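Report on the structure
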Amino acid sequence: MTEAKKLPVHTPMSQFPVEGDELIVGGQPLSRLAARVGSTPFYAYDRGLLKARVAQLRSVLPREVKLHYAMKANPMPAVVSLMASMVDGIDVASAGELQVALDAGADPAEVSFAGPGKRDAELRQAVAAGVLVNVESERELPVLAAASQALGVPARVALRVNPDFELKGSGMKMGGGAKQFGIDAESLPEVLRHIASMGLAFEGFHLFAGSQNLRAESICEAQQKSYELALRLAEHAPSAIKFLNLGGGFGIPYFPGEHPLELEPIGANLRYLVERARGDLPQAHLVIELGRYLVGEAGIYVTRIVDRKVSRGQVFLVADGGLNHHLSVSGNFGQVIRKNYPVTVGTKAGHSAREISSVVGPLCTPLDLLADKMELPVAEVGDLVVVFQSGAYGRSASPQDFLGHPHCTEVLT
Ligand SMILES: *Cc1c(COP(=O)(O)O)cnc(C)c1O
C-alpha cells in the first residue's frame with residue numbers, strides 16, 4: 001500500500017469570511033474596502049476581530065491578572081487608541097511610543113516603558129509623564145534619580161530581570177544566558193540593596209523571556225519559573241512588590257503545520273499563580289504583556305497585481321508592494337528558513353479554479369517574495385492579493401524607503 005504523504009497545511013484563516021467571490025474585511029467585500037481606501041498597497045485591521053480577541057482572553061484569564069498591550073507590535077495611533085480603551089495598560093519601548101500611548105488616552109499609571117539603551121532625555125520624559133520605567137541597566141538608575149530630583153517626583157521603577165532560564169521553543173529568545181535585556185538575576189540582590197537610598201519609587205519586577213511561542217506548556221513553565229525567581233528576589237527588595245510582569249510570548253500560527261496556541265492551560269496556570277501570590281506577595285498585581293497575540297490575526301496586507309508573467313512554466317504574479325511594506329512575509333524578519341505566510345487572492349477567494357503561482361513584489365531583488373509556489377486562485381492583473389496574519393510587525397517593521405516606491409497606508413475598519 002502506498003501512503004500519500006500529507007503535507008503540512010496552513011491553519012484556516014476563518015476569522016475573515018468569504019462571500020461569493022470575495023473576502024469580507026470589517027463587514028465589507030475587499031474590493032469595496034480597497035475603493036474606500038483609494039490606493040494600494042494597504043494594511044487593514046478589523047476592529048471587530050480586535051475586540052473579539054480581547055474578549056476571548058478576558059474569558060480565559062483570571063480577572064486579577066492585568067492585560068497589557070505591547071504597542072511595538074502595531075503602533076498605528078487608531079489601533080493604540082482602541083486597544084487602550086480595552087486593555088489594562090500599554091507597554092512602550094521608546095519615547096516616541098510613549099507619546100503615541102499618551103495621545104491615545106492611556107492612563108500614565110498603567111503605562112510601562114521597557115527597552116535597552118534608553119537615552120537620558122527619554123528617561124526624564126518617562127519620569128515627567130509618571131509612567132513606570134522597566135530598568136534594563138544599572139546605568140539608568142542614577143539618571144532616573146537625577147530626573148526625580150530635578151522634577152520633584154520620584155521615578156517609578158521596576159527592575160527588568162534577565163532570568164537564569166530560557167523560554168523553550170520560542171521564535172525569539174529575550175532572556176536567559178548573556179543578553180542585552182534586563183539585569184542579570186544574580187546581580188539584582190546588590191542593586192536592590194542600593195535602590196532604597198536613591199530616592200526612587202521601587203514597584204517590582206519585569207520578566208520577558210521570549211516571543212512567538214505556540215506551546216502552552218512552555219509558556220506555563222516560563223511563568224512558573226518567573227514567579228519563583230521574583231519571589232526569591234523579593235526577599236531583597238526595599239519595599240513590597242506592587243507589580244510583577246510575567247511577560248507574554250503568546251504566538252500565532254504563521255506557517256504550514258503550526259496550530260493556534262491553547263489558552264486554557266495558561267489560564268489555569270495563572271489562576272494557580274494568582275492564588276499563590278495572594279499569600280506570598282499580597283500587594284502585587286500580576287501582569288502579562290502581549291503584542292502580536294492581540295493584533296496579529298486581525299490584520300491583513302493588501303497589494304494589487306500589476307503583472308502576470310510565466311517564466312519557463314512557472315506563474316509569477318507581480319504585485320505593487322512587497323518587502324518594502326511587509327518585511328516578515330518575505331522571510332527576512334527573524335526567520336531562519338523562509339516559509340510561506342497564509343496568502344490568498346482576496347478578490348477571487350471563492351473561486352475553485354486554482355493554480356500553483358508565486359507572488360513577488362516590485363523590488364529589484366529576489367528577496368522580494370510574498371508567496372513561493374503556493375496553490376492560489378487563478379488571478380489576473382487588477383486582482384488583490386491578501387497576506388493574512390499581518391496585524392503585527394508589518395508596516396512599522398519594514399524598510400519603506402528601500403527602492404523609493406510609495407509608502408503604504410493603514411486603515412482600522
Ligand atoms: C516585543 C516585546 C513584547 C511583545 O512581544 P509579542 O511577541 O509581540 O507578544 C512584549 N514585551 C517586551 C518587553 C517586548 O520586547
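Residues numbered from 1 in each chain as written. Predicted model: local features only at pLDDT ≥ 70, side-chain atom pairs only at ≥ 80, totals over all residues. Heavy atoms only, no water.

1. Some points on the packing of aromatic side chains
Counting across every chain of the model gives nine aromatic pairs. For the ring pair Phe250 and Tyr293, a centre distance of 5.6 Å and an interplane angle of 75° mean the geometry is edge-to-face. You can see Phe250 sitting in the loop between β14 (243-245) and α9 (264-280) and its partner Tyr293 sitting in helix α10 (residues 292-295), a full 43 residues away along the chain. We classify Phe250 as buried; its relative accessible area is 3%. (Phe/Tyr/Trp six-rings, centres within 6.5 Å; stacked < 30°, edge-to-face > 60°. Helix = DSSP H or I, 4+ residues; strand = E, 2+ residues; numbered from the N terminus. Buried < 20%, exposed > 50% of the residue type's maximum accessible area, 1.4 Å probe, protein only.)

2. Re the site of the ligand
Taken together, 13 residues lie near the ligand, and Lys72, Ser211, Glu289, Arg292 and Tyr393 sit nearest. Interatomic distance of 2.8 Å between a backbone N/O atom of Arg292 and an oxygen atom of the ligand. When the ligand sits alone it has 380 Å² of accessible area, and the protein chains cover 93% of it. Partitioning the shell around the ligand into residue classes produces five nonpolar, four polar and four charged. (Near = heavy atom within 4 Å. Polar contact = N/O pair within 3.5 Å; in protein donor to acceptor, adjacent residues only side chain to side chain. Areas by Shrake-Rupley, 256 points an atom, 1.4 Å probe, with all protein chains shown as cover. Nonpolar A, V, L, I, M, F, W, Y, C, P; charged D, E, K, R; others polar.)

3. Topic: the packing of helix α8 (residues 216-234) against α9
Where α8 contacts α9, the two axes come as close as 9 Å, and the packing angle between them is 10°. By the criterion of interaxial angle, the relationship of α8 to α9 is roughly parallel. Here Ala216, Ile219, Cys220, Gln223, Gln224, Tyr227, Glu228 and Leu231 of α8 come into contact with α9, specifically with Pro265, Ile266, Asn269, Leu270, Tyr272, Leu273, Arg276, Ala277 and Asp280. Taken together, the residues that form the contact of α8 with α9 break down as 11 nonpolar, three polar and three charged. (Axes fitted to C-alpha atoms, helices over the stretch in contact; angles between N-to-C directions. Parallel < 35°, antiparallel > 145°, perpendicular 65-115°, else oblique. Contact = heavy atoms within 4.5 Å.)

4. With respect to unusual backbone geometry
Cis rather than trans, the peptide bond between Thr40 and Pro41 has omega equal to -5°. Here Pro41 is to be found in the loop between α1 (30-37) and β4 (42-45). Positive phi, close to 45°, is recorded for Lys373, a residue that is not glycine. On the secondary structure map, Lys373 appears in strand β20 (residues 369-377). Residue class for Lys373 comes out partly exposed when judged on its relative accessible area of 48%. Despite not being glycine, Gln389 shows a phi value in the positive range, around 55°. Along the chain, the position of Gln389 falls in the loop between β21 (384-387) and β22 (409-412). Assessed through its relative accessible area of 1%, Gln389 is described here as buried.

5. As for the nonpolar core
Ranked by size, the top nonpolar core spans 111 residues in total, and within it Tyr69, Met83, Leu159, Phe205, Phe250 and Leu294 carry the most contacts. Of the residues forming this core, the biggest block, 10 residues, is contributed by α8. Of the domains in this structure, domain 1 (2-45 + 297-412) and domain 2 (114-290) are the two that each give at least three residues to this core. Not counting chain neighbours up to four residues away, the residues in contact with Phe205 comprise Ala158, Leu159, Val161, Leu192, Ala230, Leu233, Ala234, Ile241, Phe243, Leu244 and Asn245. Among the nonpolar cores identified, the runner-up in size contains 16 residues, and Val37, Phe42, Leu384 and Phe388 belong to it. (Core = buried A, V, L, I, M, F, W, Y, C linked by side-chain atoms within 4.5 Å. Domains from an automatic or database assignment.)

6. Some points on the layout of surface pockets
Quantified by volume, the largest pocket comes out at close to 570 Å³. Lining the largest pocket are 21 residues, with Val9, His10, Arg354, Met374 and Glu375 positioned closest to its centre. Listing elements by their share of the lining of the largest pocket, those giving two or more residues are β18 (343-345), β19 (354-360) and β20. A per-element tally of the lining of the largest pocket places β20 first, with three residues. (1 Å grid on protein atoms, 1.4 Å probe; cavity = no way out; pocket = protein on both sides within 12 Å on 5 of 7 lines; lining within 4 Å. Points joined across faces, edges and corners; volume = space filled by probe spheres on them.)

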